[in-house]
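Reading the structure
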Amino acid sequence: MDCDKCGADAVLHAAYSGLHLCEDHLCQSVEKRVRRRVREDNLLPDDATAGDPETWVVGLSGGKDSVVLTQILAETFGRDPRVELVALSVHEGIDGYRDESLAACRELTADLGVAHEVVSYDEEFDVRMDEVVEEDPHDMSACAYCGVFRRDVLSRYAADLGADKLLTGHNLDDEAETALMNFLEGDIRKLSQQFDASLGPFEGADAERTREGGEEFVPRAKPLRDVPEREVALYARVRDLPAHITECPHAEEAYRGEIQQLLYDLEERHPGTRHSIMAGYEELAALAAGEYDASDGDGDLGECAECGSPTAREVCRKCGLLDALT
Ligand code: SF4
């Protein structure tokens, strides 16, 4: 098939829009959606001056999503006096996996001239995921431990690096899967707590709300959340970006796998399903955030007795898991 924009060979047929796109127009389309999301979510500051730019910390794993996000942000905002980019990678302690993806991160950030920081579970918590999987005191999946540790180090290091925003490379498929999982769990309060620019635009009150519990709550954003996974992968391939595509040996999220398959089947039969799920979810999250904010806001968050992080429990989830491991 030919590209609907220029007649060159098409590399993509996007069933949800009906468009056929060539390599160049696919790349332009992905970049345009990221720029539009940054604009619509009000991520750019109005008032930062050249001497005092905002710091955007970008979570960079070396996988295709975070590599594509870092590439587009660096090309778009690398010379923008309002923004300074810092890439942050996490080493989970997984032999034969993370070392290779960190090499991809170093290559990319060196090419782009973006500052790059690496933090490890070993240094932070004295644990490595390879050992956590062996010990497994709570009989949980590796990802259940790993996700808690990653959220903690990303938030704390983003705060330490003076981040105004923490940007992650979640794509449309990731977001639609998470939305469906949260909805099926039926926990609307949890959904409301996740509402910031990662689901809807930064507006004064929303940005401040995420900070009320303490400096650790660096507001999050997901500028790639309008772009389907397949298009992110194609973009990385067309532009020959140094993305690491090997799957983690501990990857095992059975429920997410079922949701993934369900969404894949729905999208095949009803193109546009992922977009409509996200449109409804964002509206619901905004309503829920307003409702719970009005009733109790973040008022029930205290400090973890062990590490001082904001938590609704006496000991936060991360400290609870670490206590069980040692
Ligand atoms: Fe951690 Fe799971 Fe990701 Fe592996 S797949 S790095 S265990 S979250």
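In short, a report on the structure. (Residues numbered from 1 in each chain as written. Predicted model: local features only at pLDDT ≥ 70, side-chain atom pairs only at ≥ 80, totals over all residues. Heavy atoms only, no water.)

1. As for the site of the ligand
- Inspection of the region around the ligand gives E92, I94, A142, C143, C146, R150, C248, H250 and A251 as its neighbouring residues.
- Looking at the shell around the ligand, its residues break down into 6 nonpolar, 1 polar and 2 charged. (Near = heavy atom within 4 Å. Nonpolar A, V, L, I, M, F, W, Y, C, P; charged D, E, K, R; others polar.)

2. A few points about the packing of helix 2 (residues 64–77) against helix 10 (residues 229–238)
- It is at 9 Å that the axes of helix 2 and helix 10 come closest, and there the two elements cross at 65°. Taken together, the axes of helix 2 and helix 10 lie roughly perpendicular to each other. Read as a crossing pair, helix 2 and helix 10 show a hand that is left-handed. Contacts between helix 2 and helix 10 involve K64, D65, V68, I72 and E75 from the first element and E229, V232, A233, Y235 and A236 from the second.
- Looking at the contact of helix 2 with helix 10, its residues break down into 6 nonpolar, no polar and 4 charged. (Axes fitted to C-alpha atoms, helices over the stretch in contact; angles between N-to-C directions. Helix = DSSP H or I, 4+ residues; strand = E, 2+ residues; numbered from the N terminus. Parallel < 35°, antiparallel > 145°, perpendicular 65-115°, else oblique. Left-handed = near helix turned anticlockwise from the far one by under 90°. Contact = heavy atoms within 4.5 Å.)

3. Some thoughts on the packing of helix 1 (residues 23–40) against helix 2
- Axis separation between helix 1 and helix 2 bottoms out at 11 Å; the angle between their running directions is 70°. On the basis of their axis angle, the class for helix 1 and helix 2 is roughly perpendicular. Here helix 1 contributes V30, E31, V34, R35 and V38 to the contact with helix 2, which in turn contributes I72, E75, T76 and F77.

4. Comments concerning the pairing of strand 3 (residues 54–59)
- Strand 3 sits mainly inside the fold: 6 of its 6 residues count as buried.
- Burial along strand 3 is two-sided: the residues E54, W56 and V58 and T55, V57 and G59 are all buried.
- Two elements, strand 3 and strand 6 (residues 165–167), share 3 bridges in a ladder whose sense is parallel. Directly across from V58, in strand 6, lies its bridge partner L167. (Buried < 20%, exposed > 50% of the residue type's maximum accessible area, 1.4 Å probe, protein only. Pairing = 2+ DSSP bridges.)

5. Points about helix 10
- Burial in helix 10 covers these residues: E231, V232, L234, Y235 and A236.
- Where helix 10 is buried, its residues contact strand 1 (12–14), helix 1 and helix 2.
- One or two positions beyond helix 10, positive phi appears at D240, with a value near 55°.

6. Thoughts on the layout of surface pockets
- Considering only enclosed or pocket space, the second largest pocket measures out at about 570 Å³ in volume.
- D173, R230, Y264, E267 and R274 are the residues nearest the centre of the second largest pocket, which is lined by 19 residues in total.
- For the lining of the second largest pocket, the secondary structure elements donating two or more residues are strand 1, helix 7 (172–185), helix 10 and helix 11 (254–269).
- Among the elements that take part in the lining of the second largest pocket, helix 11 stands out by supplying 6 residues, more than any other.
- Split by residue class, the lining of the second largest pocket holds 8 nonpolar, 3 polar and 8 charged. (1 Å grid on protein atoms, 1.4 Å probe; cavity = no way out; pocket = protein on both sides within 12 Å on 5 of 7 lines; lining within 4 Å. Points joined across faces, edges and corners; volume = space filled by probe spheres on them.)

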